[in-house]
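Structure at a glance
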Amino acid sequence: MIIRPATPADVPRLIDILNQIIEIGGTTAYQDPLDAGYLDRFFTGNSKTFLHVAENVDGIQGMQWMDALDPPNDHIGGIATFADPTTTQRGVGTALFDITRAASLAAGYSELYAKIRADNTGGLAYYEKMGFRDHLVDRAVPLKDGTPVDRITKRLKLDPSH
């Protein structure tokens, strides 16, 4: 598995992965299909916003991004992880996180947060495995169809010694 920064040429594949996940439902807060412009922010040269892809001989298997929060919280970054739902992605998230963690430290982040739907048990387990801990819960956030689903925010303090 190769982990590398995403390029604009990767965007069609990345949007395809995101839209497949959205169509399946149940694991992301996104409910409407996304277009390529959604990923433009990762190609602006902002050192606090970045996107990495996990790729093998079959192509891109997943992605992980880091978004800066607005000041005064520019030391906290928001992380999101997505893997191709049509394949077995063993190790994709862990490999991506190793690179994202190092890049986050280099960008000056001291803390990361992830907001995960409470019904996304795989996502909750992944972030817990990466060292994230529960921070807060937004209760009963309604989906488009009105179904209430909690959103769990997990946080991780970055330790530069690791």
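Now for a quick tour of the structure. (Residues numbered from 1 in each chain as written. Predicted model: local features only at pLDDT ≥ 70, side-chain atom pairs only at ≥ 80, totals over all residues. Heavy atoms only, no water.)

Overview of the pattern of salt bridges
In this structure the tally under the stated criterion is 14 salt bridges. A salt bridge links Glu-128 to Lys-154; the shortest N-O distance between them is 2.7 Å. One end of the pair, Glu-128, is in helix H3 (residues 121-129); the other, Lys-154, is in strand E7 (residues 148-157), and 26 residues separate them in sequence. The exposure class of Lys-154 is buried, given its relative accessible area of 4%. Connected through shared salt-bridge partners, Glu-128, Arg-133, Asp-134 and Lys-154 make up one network. (Salt bridge = Lys/Arg side-chain N within 4 Å of Asp/Glu carboxyl O. Helix = DSSP H or I, 4+ residues; strand = E, 2+ residues; numbered from the N terminus. Buried < 20%, exposed > 50% of the residue type's maximum accessible area, 1.4 Å probe, protein only.)

What to know about the packing of aromatic side chains
All chains considered together, the criterion is met by eight aromatic pairs. Consider the rings of Tyr-126 and Tyr-127, whose centres lie 4.8 Å apart with planes at 70°: the pair is edge-to-face. In this structure, Tyr-126 and Tyr-127 share a single accessibility class: buried. Each residue in the set Tyr-30, Tyr-38, Phe-42, Trp-65 and Phe-82 is aromatic and connected to the rest through ring pairs, giving one cluster. Positioned over the ring face of Trp-65 is Arg-41, at 5.2 Å from the centre of the ring. A cation sits over an aromatic face here: Lys-48 above Tyr-109, 4.2 Å from the ring centre. (Phe/Tyr/Trp six-rings, centres within 6.5 Å; stacked < 30°, edge-to-face > 60°. Lys NZ or Arg CZ within 6 Å of the ring centre and 35° of its normal.)

Considering the sheet that holds strand E1 (residues 2-5)
Spatially, E1-E2-E3-E4-E5-E7-E6 is the arrangement adopted by the seven strands of the open sheet, whose pairing is mixed. Among the strands making up the open sheet, the edge pair consists of E1 and strand E6 (133-142). On average, each strand axis in the sheet is tilted by 25° relative to the strand beside it, whichever way the strands run. The sheet contact formed by strand E5 (residues 111-117) and E7 spans seven bridges and is antiparallel. If you follow Leu-112 over to E7, its bridge partner there is Leu-156. This element, helix H1 (residues 11-24), spans strand E2 (50-56), strand E3 (59-68) and strand E4 (76-83) of the sheet and lies at about 85° to E3. (Pairing = 2+ DSSP bridges. Axes fitted to C-alpha atoms, helices over the stretch in contact; angles between N-to-C directions. Contact = heavy atoms within 4.5 Å.)

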